[in-house]
Amino acid sequence: MYEYLSGLNAPQREAVTYLKGPLMIVAGAGSGKTKVLTTRIAHLMANGVDSFNILALTFTNKAAAEMKERVEKILGNTEARNLYIGTFHSVFARVLRAEAHRIGFPNNFTIYDTDDSRSVLKTVINELNLDDKHYKPSVVHNRISQAKNALVGPAEYATDYYIQQEDMRSNRPAIAQVYQAYTARCFKNGAMDFDDLLLKMHELLKGFPEMLSKYQRKFKYIMIDEYQDTNPVQYEITKLLGAAHENICVVGDDAQSIYSFRGATIENILQFEKDYDDVKIIKLEQNYRSTQSILNVANEVIKNNKGQIPKALWTENEGGEKIRLVRTMTDNDEGRFVADTIQEQKLRNHYYNRDFAILYRTNAQSRSFEESLRRMGIPYRIYGGVSFYQRKEIKDMLAYLRVIVNTRDEEALKRIINYPVRGIGKTTIEKAVTIANEQNITLYEVISRAGEHGFKAGALEAIQNFVTMIRYFQSMLETKNAYDVAVQVGKHTALVKELFSDKTTEGLARYENVQELLNSIKEWVDDRNNRAVIDEDGIVLIPNPSPQVEKGGAKSLDPNDNVSGSLIPSPPVERGQGGEASLGGYLQQITLLTDADDDKGNADAVKLMTIHAAKGLEFEVVFVGGVEETLFPSALSINTREELEEERRLFYVAVTRAKKRLWLSYANARYRFGNLVQNDPSRFLEELPADYVDKSFAGGGARNQSGVNMGSAFERMHRGFGNESSIQYNDSRKPATGNAKPSFIPVAPKPQAISHTPSADFVPSDTANLQAGQKVEHQKFGFGVVTKMEGSGHNPIATVKFELNGEKKIMLNYARLRIVE
DNA sequence: GATTGCGCGATTTTT
DNA sequence: TCGCGCAATC
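Figured I'd write up the structure that's included with this text. Quick caveat: nothing in here was measured; it's all calculated off a predicted structure. For every chain, the first residue of the written sequence is number 1, and numbering continues from 1 onward in sequence order. Going through the entries in the order they are written, you letter the chains from A and number the ligands from 1. Thresholds applied to this predicted model are a pLDDT of at least 70 for local features of residues and 80 or more for the giving and counting of side-chain atom pairs; totals over whole chains, interfaces and linings are not thresholded and use all residues. Think of the side-chain values as coming from all heavy atoms in the structure, minus any hydrogens and water.

Along chain A, the regular secondary structure elements total 28 helices and 23 strands. Contacts are assigned to residue pairs with any non-hydrogen atoms lying within 4.5 Å of each other. Restricting to contacts in chain A with at least 6 residues of sequence separation, those with at least 24 account for 75%. In these tables, accessible area is a Shrake-Rupley quantity obtained with a 1.4 Å probe, and a residue counts as shielded only by the protein chains included in the view. For chain A, the accessible surface area stands at approximately 34,700 Å², while carbon and sulfur atoms represent 51% of it. Helix and strand definitions here come from DSSP, where helices need a minimum of 4 consecutive H or I residues and strands a minimum of 2 consecutive E residues; each element is numbered from the N-terminal end.

A cutoff of 4 Å decides nearness: a residue is near a molecule or strand if any of its heavy atoms lies inside that distance of it. Around DNA strand C, the surrounding shell consists of Lys122, Phe673 and Gly674. The contact in question runs from a phosphate oxygen of DNA strand C to an N or O atom on the side chain of lysine 122, over 3.5 Å. In protein, a polar contact means a hydrogen-donor-capable atom and an acceptor-capable atom, both N or O and within 3.5 Å, with residues adjacent in sequence counting only if both atoms are side-chain atoms; elsewhere, any N or O pair within 3.5 Å suffices.

Our focus in this paragraph is the nonpolar core. For the purposes of this section, nonpolar cores are sets of buried Ala, Val, Leu, Ile, Met, Phe, Trp, Tyr and Cys residues that join through side-chain atoms within 4.5 Å. Exposed residues in this analysis have more than 50% of their type's maximum accessible area, buried residues have under 20%, and partly exposed residues fall in between, with area computed by a 1.4 Å probe over protein chains only. Membership of the largest hydrophobic core comes to 54 residues, with the highest contact counts inside it found for Leu401, Ile447, Phe466, Leu517, Leu583 and Tyr586. For this core, the secondary structure elements donating two or more residues are helix H17 (392–405), helix H18 (410–416), helix H19 (426–439), helix H20 (443–448), helix H21 (457–477), helix H22 (482–492), helix H24 (505–530) and helix H25 (583–590). Per element, the largest residue contribution to this core is 10 residues, and it comes from H21. If near-sequence neighbours (up to four positions away) are discounted, isoleucine 447 is found in contact with Leu413, Ile417, Ala432, Ile463, Phe466 and Val467. One finds Ala100, Phe219, Tyr235 and Ile309 within the second-largest nonpolar core, a separate group that totals 44 residues.

Attention shifts here to the protein's contact with DNA strand B. Near DNA strand B you find 21 residues, and of these Lys136, Arg361, Val421, Thr610 and Leu636 are the closest. Contact between DNA strand B and histidine 89: a base oxygen at 3.1 Å from a side-chain N or O atom of the residue. Between threonine 610 and DNA strand B, the recorded distance is 2.8 Å, taken from a side-chain N or O atom to a phosphate oxygen. Polarity classes work like this: nonpolar for Ala, Val, Leu, Ile, Met, Phe, Trp, Tyr, Cys and Pro, charged for Asp, Glu, Lys and Arg, and polar for all others, with Gly in that last group. Grouping the amino acids of the surface near DNA strand B by side-chain chemistry returns 7 nonpolar, 10 polar and 4 charged.

Moving on, we get to the packing of aromatic side chains. Under the pairing criterion, centres of Phe, Tyr and Trp rings, with the six-membered ring standing for Trp, must be within 6.5 Å; the plane angle then separates stacked pairs below 30 degrees from edge-to-face pairs above 60, leaving the rest tilted. Counting across every chain of the model gives 19 aromatic pairs. Pairing phenylalanine 59 with phenylalanine 88 gives two aromatic rings, centres 5.6 Å apart and planes at 65 degrees, and the pair type is edge-to-face. With a gap of 29 residues between them, phenylalanine 59 in the loop between strand E2 (54–58) and helix H3 (61–75) and phenylalanine 88 in helix H4 (residues 88–99) connect regions that are remote in the sequence. Three or more aromatic residues link up through ring pairs in this structure, and these residues are Tyr351, Phe356, Phe623 and Trp663.

In this section: helix H8 (residues 161–169). For H8, the full list of buried residues reads Ile163, Gln164 and Asp167. All buried residues of H8 project into a common sector of 95 degrees when viewed along the axis, lining one side. With respect to the buried face of H8, the exposed residues turned more than 90 degrees away are Tyr161, Tyr162, Met168 and Arg169. The secondary structure elements touched by the buried residues of H8 are helix H6 (137–149), helix H7 (154–159) and helix H9 (175–189). For H8, the side-chain oxygen to backbone nitrogen distance between the N-cap and tyrosine 162 is 3.0 Å, and the N-cap itself is aspartate 160. This arc describes the spread of directions from the helix axis toward the C-beta atoms.

A few words on helix H5 (residues 114–127). The span one expects for a helix is its residue count, reduced by one, times 1.5 Å. Between its first and last C-alpha atoms H5 spans 20 Å; for 14 residues at 1.5 Å apiece the expected length is 20 Å, and the two agree. Looking at H5, one finds that the buried residues are Asp116, Ser117, Val120, Leu121, Thr123, Val124 and Ile125. The inward-facing, buried residues of H5 abut strand E4 (110–112), H6, H9, strand E5 (191–193), H17 and H18. Near the N-terminus of H5, the side chain that reaches the backbone nitrogen of aspartate 115, with its oxygen 3.0 Å away, is that of aspartate 113.

A few words now on the packing of H17 against H22. Angle between the axes and distance between the axes are the two parameters that describe a pair of packed helices. All axes here are fitted lines through C-alpha atoms, helices being fitted over the stretch that makes contact, and every angle between N-to-C directions spans 0 to 180 degrees. Contact geometry for H17 and H22: axes closest at 10 Å, N-to-C directions at 115 degrees. Helix-helix and strand crossings are classified by hand; for H17 and H22 the assignment is right-handed. Here Met397, Tyr400, Leu401 and Ile404 of H17 lie close against H22, whose contacting residues are Ala486, Val489 and Gly490. A class-by-class count of the residues in the contact of H17 with H22 yields 6 nonpolar, 1 polar and no charged. Less than a right angle of anticlockwise turn of the near helix away from the far helix marks a crossing as left-handed, whereas a clockwise turn marks it as right-handed.

Note on placement: leucine 617 falls in the loop between helix H26 (611–614) and strand E15 (619–624). In this structure leucine 617 comes out as buried when scored by relative accessible area, which is 18%. Each C-alpha atom of the pair leucine 617 and arginine 94 lies 26 Å from the other, and the pair is 523 residues apart in sequence. Those residues within four positions of leucine 617 in sequence are excluded, and the remaining contacts are Lys62, Arg289, Met609 and Arg657.

If you trace the backbone, asparagine 108 turns up in the loop between H4 and E4. A relative accessible area of 13% places asparagine 108 in the buried class. There is a polar contact of 3.2 Å between the side chain of asparagine 108 and the backbone oxygen of valine 405.

Glycine aside, negative phi is the norm for most residues, and most peptide bonds take the trans geometry. Here the amide bond leading from tyrosine 419 into proline 420 is cis, since omega sits at -5 degrees, within 30 degrees of zero. Looking at the element boundaries, proline 420 is found in the loop between H18 and H19. At the junction of phenylalanine 632 and proline 633, the peptide bond is cis and its omega measures out at 10 degrees in the coordinates. On the secondary structure map, proline 633 appears in the loop between E15 and helix H27 (641–655). We note that histidine 350 has phi near 55 degrees; this positive angle belongs to a residue other than glycine. With respect to the helices, strands and loops of the structure, histidine 350 is situated in the loop between helix H15 (331–349) and strand E12 (356–360). The class of histidine 350 is partly exposed, set by a relative accessible area of 27%.

Attention shifts here to the side chain of glutamate 411. Mapped onto the elements, glutamate 411 comes out in helix H18. Within the buried core, glutamate 411 has no salt-bridge partner, and the shortest N-O distance to an opposite charge, that of lysine 414, equals 4.4 Å. What glutamate 411 contacts, discounting residues up to four positions off in sequence, is Tyr112, Asp116, Ser119, Val120, Thr123, Asn189 and Arg402. Charged residues are defined narrowly, with Lys and Arg counted positive, Asp and Glu counted negative, and His plus the chain ends left uncounted. For this analysis, a salt bridge means a side-chain nitrogen from Lys or Arg found within 4 Å of a carboxyl oxygen belonging to Asp or Glu.

Turning to the pattern of salt bridges, a few remarks are in order. Scanning all chains against the criterion turns up 46 salt bridges. Here glutamate 99 and arginine 102 are joined by a salt bridge, their closest N and O atoms 2.7 Å apart. Close ionic contact of aspartate 193 with lysine 148 constitutes a salt bridge, the shortest N to O distance being 2.8 Å. Of this pair, aspartate 193 sits in strand E5 while lysine 148 sits in helix H6, placing them 45 residues apart in sequence. Judged by its relative accessible area of 3%, lysine 148 falls in the buried class. Overlapping salt bridges bring together Lys33, Asp225, Glu226, Asp229 and Lys615 as one network.

Following this line, the structure appears as structure tokens:
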């Protein structure tokens, strides 16, 4: 019985089987947290808990997807699809999609991403006659976001003495008004920003007792991952939801709290104990991920933080190699070093590209790594950065879809009203906006009754044509799925045509992007129709619309229904075909999707991401770049102990991502806004325990030790990238044979000259027909005899016994061998 | 209404 | 350095 329990250690098992009442799991890095959570869900279900009554909240869609998958695997049946597993944002968006009308929003509300929010803010700031140079939308947005995450509404914001003092000091006393106006505008637009998804959920539970009890009854068992990163709104919501049954299980690690800038507070973890009468606390302290060396380094560094939950992370894993510290001259050199080392490690230790991760503090650092990897022909994938959905052409297309579903969405409407050009000029739009503001009606309402507002004949006709087109699209919502509607939009708006006729490279790329968007919508629709199981927003779909989804009464083809003239929205209308593959449903989840989520399988590519994005992930080999003062710790985070300790936790997170090997690198100087800026090595490097760190590539700056390694470090940096290089690059290597993906073409290894100097006439042979018994020469390992051939046709591996270096497994796709006889 | 050119700001971290 | 927003111009 309970076969799945057998693979757990004692505390893990205890955590899994402790089902009733409040439970806090303090889970150190790499201690099998996800395993415990997923097994616990399975165990709940095995003990008769209905899958419909389990809620699991995560921080990323990726984590949610992984959890879902693992539960399914353990259970081996389809029950898992009834679980509510997702990010806070996606789960609440889903609930709000059913309930938003209760708080005055349309159920098909738009979700604004950061760009949308800033754009609305800019409009609002200008309307208040404030200078958007001084009231920078991004700055104001951060401030409002902080307020929202702390459950401070516009009214309280305006009257709170300390908040007002802060705004005075930063010389932005009008933020309160902006906040107020922004909130009103979002409401008018029928839109919620990211923070609203939490805030409105809270409002719903707090303001409607029947809602509270409904969702308390629904979510009888609650699990929350990464609890150390919850902010006050999230804390309040989960507290409300869990209050009735107290079956609430939180998992966290105070040492990995890295989201305080988003309002998260470790206090929540400490508070948890006080919130319930008897909280069971279980610590998971055995690390299964990393080597002793890596763990020792991590533990040693985090010791410098004060006030932690006491715990001792240990491992039974092997000692492993020392972690390596590398110093380079510039950020470009750093990039080269890393790309170079990846290449070398692939050969030396037979890693795949996917085994490597390059982590950094800020997204901007990715550039030098990208360049070097590209130059070396190493495939890579960047997580984060500019998302697919942030591209102009994609936003344009999505804006059409948004307007069709929610005409109140003024942001989207303004974006497309005259794009592609249809003769609705700036003056006309300004006039319409003014009317809308004066009469407190939506912009769409103004243009849909343009005849009443005295537009000039030409403009009037253009507007009416536009409205007719939108109505035409809307009429399809009832019968057509998201893809069909999107295709129609593409055809009728000339949007696609315009891009298609643009024959420049960028134009072509844009056209392809739109095509790609359509494909992904198609995929989404098919997914719904065929399986109706996996939901991209991280929630397992309930095959039939869940009971709480209220079907609206009168469905109407008249788009005016949507803009009934008051701010009280029309009754909830579940638009679209069965609600499943509807355009509204599609849009609801698309904003919450990050490009890390549409990961096309496990492509064999080096992964690049910020340390924040790497949380919860693990990699065989990790490079942490830019370990320098002003960068890591960030110059913006060294003013208080709290900030500095968060940076240190971030460092801790970075280090503990590595399973086997870890490099820390820093550059003497890096390019910043075009000029070279000097940086000191990070203070965190001074905290590393010397016994577990190999500093032979770190040099000593002014205190150059004239060691052999020292010299070679610099040589390594500057060798092989100029014309004088003896190293053969892409153009000179033989064409890839039998490997489907051209990006996998290996690059010639840099000669390490450890113990063998290649023959002067070294030319790699075609090893396609290599047989055991043949004598070969390897550039690095020297002469040897093939003792065994294995591996499949497209990935042959030869075992070679070298005279100098012993037996090695050589992947023929990567290594270059000369057949001697 | 589109095109060009100039000046200035940009770098924390994310749902 | 680079990309964006904005003003000037046709």
